[in-house]
Each structure stands twice: as structure tokens, then as C-alpha cells.
Amino acid sequence: MTKFAQVGDFCPDETCPDYGKRQSDPQHNVIKYGKTQTGRQRYKCNTCQGTFTETRGTIFYRRHTPEQDIIGTLALIAEGNRISSLVRTTGHKEDTIIAWIREAAGHAAAIEEVLLAEYQLTRGQIDGLWAYVGNKGEKKAIPRQMKGGSSGGPR
Ligand SMILES: [Zn+2]
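The notes below deal with the structure included here. (Residues numbered from 1 in each chain as written. Predicted model: local features only at pLDDT ≥ 70, side-chain atom pairs only at ≥ 80, totals over all residues. Heavy atoms only, no water.)

### Concerning the sheet that holds strand E2 (residues 41-45)
Taken together, three strands build an open sheet; the order of strands is E1-E2-E3 and the sheet is antiparallel. Edge strands, defined here as strands with exactly one partner in the open sheet, are strand E1 (30-35) and strand E3 (51-53). Direction aside, neighbouring strands of the sheet carry axes that sit 35 degrees apart on average. Here E1 runs beside E2; their pairing, made up of four bridges, is antiparallel. When the bridges of E2 are listed, Lys35 appears paired with Gln41. (Pairing = 2+ DSSP bridges. Helix = DSSP H or I, 4+ residues; strand = E, 2+ residues; numbered from the N terminus. Axes fitted to C-alpha atoms, helices over the stretch in contact; angles between N-to-C directions.)

Below you can see the structure in the form of C-alpha cells.
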């Protein structure tokens, strides 16, 4: 039986020799490595020297489809492919694909980071993706002073 691994428990880089290896007694390639600007835990893999944040590898962790497939499908939609044609070519249900977009929209900043880095997409194309679920929020990331502080709400 496998339990879900937590981020920081393994290296999410598929090209890394220690990719996906859970941290345990002899296996200690992943270390905590400061925080991002938005306060997310950052990790570093000492095997491949790669750094990653707690969102990478877990955005869709409850889904049965590999994250790479999901993000690839999202990229195709952003490129202008119709969901109905992707249903035919990928074999995923339309409801499933919409659910992915909805879930992705909840992590828009992280998804955009991956799409911009790994696919030849423009920001405008990615915005087109969010239009499917009417998501306007979480653009631009880097929320300012989201937690704590003495500010009295939005201006
Ligand atoms: Zn690694």
C-alpha cells in the first residue's frame, strides 16, 4: 500500500536519479530551502540541485491522471483546442477536463508558472484557459500582506 507522499518528501523532477524517492532513512536528498516570496516552503534536491515549492507535484495529487497529462491537456486548451475535440483525442470526459481547469484555477499562479516555463504559451492564451471557468482571480500572484498585519481590508 502506498500512502500519498507529501511535498518535500521526494524530488518532483522526472529527470532526477532520485525522482519520486520517498525520504526515509538512507534517502535524504531533499532539504528545506527557505521560503518563496509568497511564503511557500521551498525545497532543494541535493541530487539534481533543483529547487521546487510545495505546490509542484501536488496540485492534482488526488487525481488519478498524472499531473503531466493534466497540465499537457490544459496547455492544449490554452492553445485553442476545443474541449470537445480533446475529449475525443485524450479519452478524458468533458466533466473531468472542466474539473481540472477549475482545480487549476485555484492554483492559477503555480499553473501559469509551469505553463509558461514548459510550454510555448503566452499569458493571453493562459487567460483564455481561465475563461472556461470564469476565473479572474489569483492573477499576478504575490499577494501583498495577505496574512496578519493591521490593514483593514481592500482599498
Ligand atoms: Zn532531484
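### So, unusual backbone geometry
Phi at Gln49 is positive, roughly 65 degrees, even though this residue is not glycine. Within the secondary structure, Gln49 is located in the loop between E2 and E3. Given a relative accessible area of 47%, Gln49 falls into the partly exposed group. (Buried < 20%, exposed > 50% of the residue type's maximum accessible area, 1.4 Å probe, protein only.)

### Digging into the environment of Thr96
Note on placement: Thr96 falls in helix H3 (residues 94-105). The spacing of Thr96 and Ile70 is 26 residues in sequence and 10.0 Å in space, taken between C-alpha atoms.

### Some details on the pattern of salt bridges
This structure, assessed with the given rule, holds three salt bridges. The salt bridge involving Asp18 is made with Lys21; its shortest N-O contact spans 2.9 Å. A residue is classified by how much of its surface remains accessible, and Asp18, at 12% relative accessible area, is buried. Accessibility expressed as a relative area gives 36% for Lys21, which makes it partly exposed. With its nearest N and O atoms 2.6 Å apart, the salt bridge here joins Arg123 to Glu112. Linking Arg123 in helix H5 (residues 123-131) with Glu112 in helix H4 (residues 108-118), this pair joins segments that are eleven residues apart in sequence. (Salt bridge = Lys/Arg side-chain N within 4 Å of Asp/Glu carboxyl O.)

### A few points about the coordination of the zinc ion
Geometrically, a metal with four donors at the corners of a regular tetrahedron has ideal angles of 109.5 degrees, and one with six donors at the corners of a regular octahedron has ideal angles of 90 or 180 degrees. The zinc ion binds to the protein through Cys11 (SG), Cys16 (SG), Cys45 (SG) and Cys48 (SG); the donor distances cover 2.3 to 2.4 Å. Geometry at the zinc ion is tetrahedral, judged from the four donor atoms that bind it and their angles of 105 to 113 degrees at the metal. Each donor residue of the zinc ion belongs to the same chain, with the gaps between them written as C-x4-C-x28-C-x2-C. Residue Cys16 is located in the segment before E1, and its partner Cys48 is located in the loop between E2 and E3; the two are separated by 32 residues in the primary sequence. Its relative accessible area of 5% is what places Cys16 among the buried residues. (Donors = N, O, S within 2.8 Å, 3.2 Å for Na, K, Ca; no water. Tetrahedral: all angles 85-135°; square planar, octahedral: opposite > 155°, others 65-115°.)

Coordinates in, geometry out; function isn't part of it.
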